[in-house]
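Residue strings, one per chain:
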Amino acid sequence: MFKKGGTMNIYFKVIGVLICVVFTLNISVFAQKGLGDSNGIARSGELPTIVMLDGTLDHIKTGPCEHTTGRAVIGTHLFIDTEESDELFNVHLGAAYALESFVANLEIGQKVEIQAFQTDGMKPLEFIAKEVTTDSRTLQLRDENLRPFWAGDRNLRDGRPFRRGYRW
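The rules behind these values
- Numbering of residues begins from 1 in every chain and follows the order in which that chain's sequence is written.
- A pLDDT threshold of at least 70 governs which residues receive local features in this predicted model, and a stricter bar of 80 or more applies before side-chain atom pairs are shown or counted, although totals over entire chains, interfaces and linings include all residues.
- Values shown for side chains rest on all heavy atoms present in the structure; no hydrogens or waters enter the calculation.
- Runs of H or I in DSSP of at least four residues are treated as helices and runs of E of at least two as strands, each being numbered from the N terminus.
- It only takes one pair of heavy atoms within 4.5 Å for two residues to be counted as in contact.
- Per-residue and other accessible areas follow the Shrake-Rupley method at a 1.4 Å probe size, with only the shown protein chains counted as cover for residues.
- Any pair of Phe, Tyr and Trp rings, taking the six-membered ring for Trp, is counted once the centres come within 6.5 Å. Such a pair is stacked with planes under 30 degrees apart, edge-to-face with planes over 60 apart, and tilted for the rest.
- Only protein chains enter the accessibility calculation, which uses a 1.4 Å probe; a residue whose area is less than 20% of its type maximum is buried, one above 50% is exposed, and one in between is partly exposed.
- Taking the helix axis as origin, the arc is that swept by the directions to the C-beta atoms.
- By the criterion applied in these results, polar contacts are pairs of N or O atoms within 3.5 Å in which, for protein atoms, one can donate a hydrogen and the other can accept it, and in which residues neighboring in sequence qualify only through two side-chain atoms.
- Scored from 0 to 100, pLDDT records how confident the predictor is in each individual residue.
- For patch building, the residue pool is restricted to those with more than 30% relative accessible area and no salt bridge; the joining distance is 9 Å between like charges and 5 Å between nonpolar side chains (Val, Leu, Ile, Met, Phe, Trp, Tyr).
- A pair is scored as a salt bridge if a Lys or Arg side-chain nitrogen falls within 4 Å of a carboxyl oxygen belonging to Asp or Glu.
- Strand pairing is assigned whenever DSSP detects at least two bridges linking the two strands.
- In this text, buried Ala, Val, Leu, Ile, Met, Phe, Trp, Tyr and Cys residues form a nonpolar core when linked through side-chain atoms within 4.5 Å.

Novice: Quick rundown of the overall build of the chain? Include the residues and the values.
Specialist: Helix and strand content of the chain: 2 helices and 8 strands. Reading the helices (α) and strands (β) of the chain from amino to carboxyl end gives α-β-β-β-α-β-β-β-β-β. Long-range contacts, defined here as pairs at least 24 residues apart, represent 54% of the contacts in the chain between residues at least 6 apart. Accessible surface for the chain amounts to roughly 11200 Å². Of this, 54% is attributable to carbon and sulfur atoms.

Here it is as structure tokens:
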């Protein structure tokens with residue numbers, strides 16, 4: 001029916017190569033960005049140690065976050081000057097859209113107390129905030145399982161999720 005070395009053999013080889021290429025690209029498309037596992041720390045079952053960081057707000061950075069494990073690509077980081085280190089602590093707060101009003105009220109030079117944790121693969125001065133206190137006001141960002149309060153906001157309105165509310 002088919003001749004050896006005929007056009008059908010070439011056809012099958014081309015299809016085979018295309019399947020391999022699509023499979024390889026598919027893996028990289030669904031690969032998780034950043035340091036975390038695909039499920040994030042809240043679903044890992046092992047919670048890291050919470051540490052307290054006290055210092056002064058040096059600057060705020062909002063932009064693409066290379067360490068995210070969630071759907072929000074734009075994150076907000078606080079850079080904190082402490083007595084513990086000559087270098088600044090980089091504290092990831094979370095999804096920028098969920099923290100806009102909180103960040104808008106922060107001032108450079110302001111004293112901050114942060115409950116934070118680290119995950120495997122983070123650099124020594126990189127942390128993720130669980131709770132931030134400024135001027136006797138506390139913003140709880142993550143629950144007791146370290147799940148962000150904005151996680152699961154799937155009901156979009158005008159391209160923006162409904163907020164579940166801050167835990168002041």
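Continuing now.
Novice: Account for the packing of aromatic side chains, naming residues and giving values.
Specialist: In total, this model carries 1 aromatic pair according to the counting rule given. Note on F89 and F127: the rings are 5.7 Å apart at their centroids and 40 degrees apart in plane angle, and the pair reads as tilted. Remark: F127 occurs in strand β5 (residues 126-134) and F89 occurs in strand β3 (residues 89-95); sequence separation between them is 38 residues. For the pair formed by F89 and F127, the shared burial category is buried.

Novice: Any details on helix α2 (residues 96-104)? Residues and values, ideally.
Specialist: For α2, the full list of buried residues reads A96, A98, L99, F102 and V103. Seen along its axis, α2 keeps its buried residues to an arc of 135 degrees; they face one direction. Looking at the packing, one finds that the buried side of α2 touches β1 (51-64), β2 (74-81), β3, β5 and β6 (137-140).

Novice: Describe in detail the side chain of T82, supporting the description with residues and values.
Specialist: Secondary-structure assignment places T82 in the loop between β2 and β3. In this structure the side chain of T82 is engaged in a polar contact, spanning 3.3 Å, whose partner is the backbone nitrogen of E84.

Novice: So, the confidence of the model for the chain: which residues are in play, and what are the values?
Specialist: Confidence along the chain averages 77 in pLDDT terms, with 65% of residues attaining 70 or more. For the chain, strand β7 (residues 156-157) is the element with the lowest average pLDDT, namely 40, and strand β4 (residues 111-117) is the one with the highest, namely 97.

Novice: Can you explain a nonpolar patch on the surface? Please cite residues and give values.
Specialist: On the surface, Y11, F12, I15 and I19 cluster together to form a nonpolar patch covering roughly 410 Å² of accessible area. Mapped onto the elements, I15 comes out in helix α1 (residues 7-30).

Novice: Give me the pairing of β3: which residues, what numbers.
Specialist: Most of β3 sits inside the fold, with 7 of its 7 residues counted as buried. Strand direction decides the pairing type here: β2 and β3, joined by 6 bridges, are antiparallel. Residue pairing across strands places G75 opposite A95, the latter belonging to β3. Pairing analysis gives 3 bridges linking β3 to β5, with the strands arranged parallel. Residue pairing for β5: H92 is matched across the bridge by I128.

Novice: Can you break down the nonpolar core residue by residue, with the values?
Specialist: Membership of the largest hydrophobic core comes to 22 residues, with the highest contact counts inside it found for I80, V91, L93, I114 and L141. When contributions to this core are tallied by element, the ones reaching two or more residues are β1, β2, β3, α2, β4 and β5. Once residues within four sequence positions are removed from consideration, I80 is found in contact with G55, T56, L57, L88, F89, V91, V112 and I114.

Novice: Explain unusual backbone geometry to me, using residue names and the numbers behind them.
Specialist: Even without glycine at this site, S136 takes up a positive phi of about 65 degrees. Along the polypeptide, S136 turns up in the loop between β5 and β6.

Novice: Please set out the environment of F89 residue by residue, giving values where relevant.
Specialist: Looking at F89, the relative accessible area reads 5%, which means it is buried. With 36 residues separating them along the chain, F89 and L53 place their C-alpha atoms 8.7 Å apart.

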